[in-house]
Amino acid sequence: QVQLVESGGGLVQAGGSLRLSCVYSGRTFSTYVMAWFRQAPGKERECVAAINWTGGNTYYADSIKGRFTISRDNAKNTVYLQMNSLKPEDTAVYYCTSTRRLSISTSPTLYDYWGQGTQVTVSS
């Protein structure tokens, strides 16, 4: 079992920044790849960014490329999502997720564990 706890969401004006954190515990082999997904009302859950164990392989959705940065600190069992130049369309619930798979995937069905989500609201 893996437990994921997100924090750092909130309300911010357009152009502002937030940093999301996700602390994981449990079977670390099930956190080889970690990702951030988001889901806005009426929309499907989409993969925003993902990172492998070493941090040497990352993925970013086109919609956030150049604005968001994913990173992880395995010594602290934490994965981060630094979000800069936020836009109203970034408003969503952001979820941290993990998988024991060795390769990054953008499909939510291939992830094993999920956090409870943290709300990010960007006002115009």
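Overview of the structure. This structure is a prediction, so every number in the text was calculated from the model and none was measured.

## A word on the environment of Tyr60
Then, number 1: Summarising the element assignment, Tyr60 is placed in strand β6 (residues 58–60).
Then, number 2: Residues Tyr60 and Ser25 lie 35 residues apart in sequence; the distance between their C-alpha atoms is 24 Å.
Then, number 3: Those residues in contact with Tyr60, other than ones at most four positions away along the chain, are Val48, Ala49, Lys65, Phe68, Thr69 and Ile70.
Then, number 4: At 2.9 Å, the side chain of Tyr60 forms a polar contact with the backbone nitrogen of Ile70.

## Some points on the packing of aromatic side chains
Then, number 1: Taken as a whole and judged by the stated rule, the model has three aromatic pairs.
Then, number 2: The interplanar angle of 80° and the centroid separation of 6.3 Å between the aromatic rings of Tyr95 and Trp114 together place this pair among those described as edge-to-face. Placement of Tyr95 in strand β9 (residues 92–99) and of Trp114 in strand β10 (residues 113–114) is noted, with a sequence separation of 19 residues between them.
Then, number 3: Members of the aromatic cluster, joined through ring pairs, are Phe37, Tyr95, Tyr111 and Trp114.
Then, number 4: A cation sits over an aromatic face here: Arg45 above Tyr95, 3.9 Å from the ring centre.
Then, number 5: Of note, Arg45 hangs over the ring of Trp114, and the distance from its end group to the ring centre comes to 4.8 Å.

Rules and cut-offs
Residues numbered from 1 in each chain as written. Predicted model: local features only at pLDDT ≥ 70, side-chain atom pairs only at ≥ 80, totals over all residues. Heavy atoms only, no water. Helix = DSSP H or I, 4+ residues; strand = E, 2+ residues; numbered from the N terminus. Contact = heavy atoms within 4.5 Å. Polar contact = N/O pair within 3.5 Å; in protein donor to acceptor, adjacent residues only side chain to side chain. Phe/Tyr/Trp six-rings, centres within 6.5 Å; stacked < 30°, edge-to-face > 60°. Lys NZ or Arg CZ within 6 Å of the ring centre and 35° of its normal.

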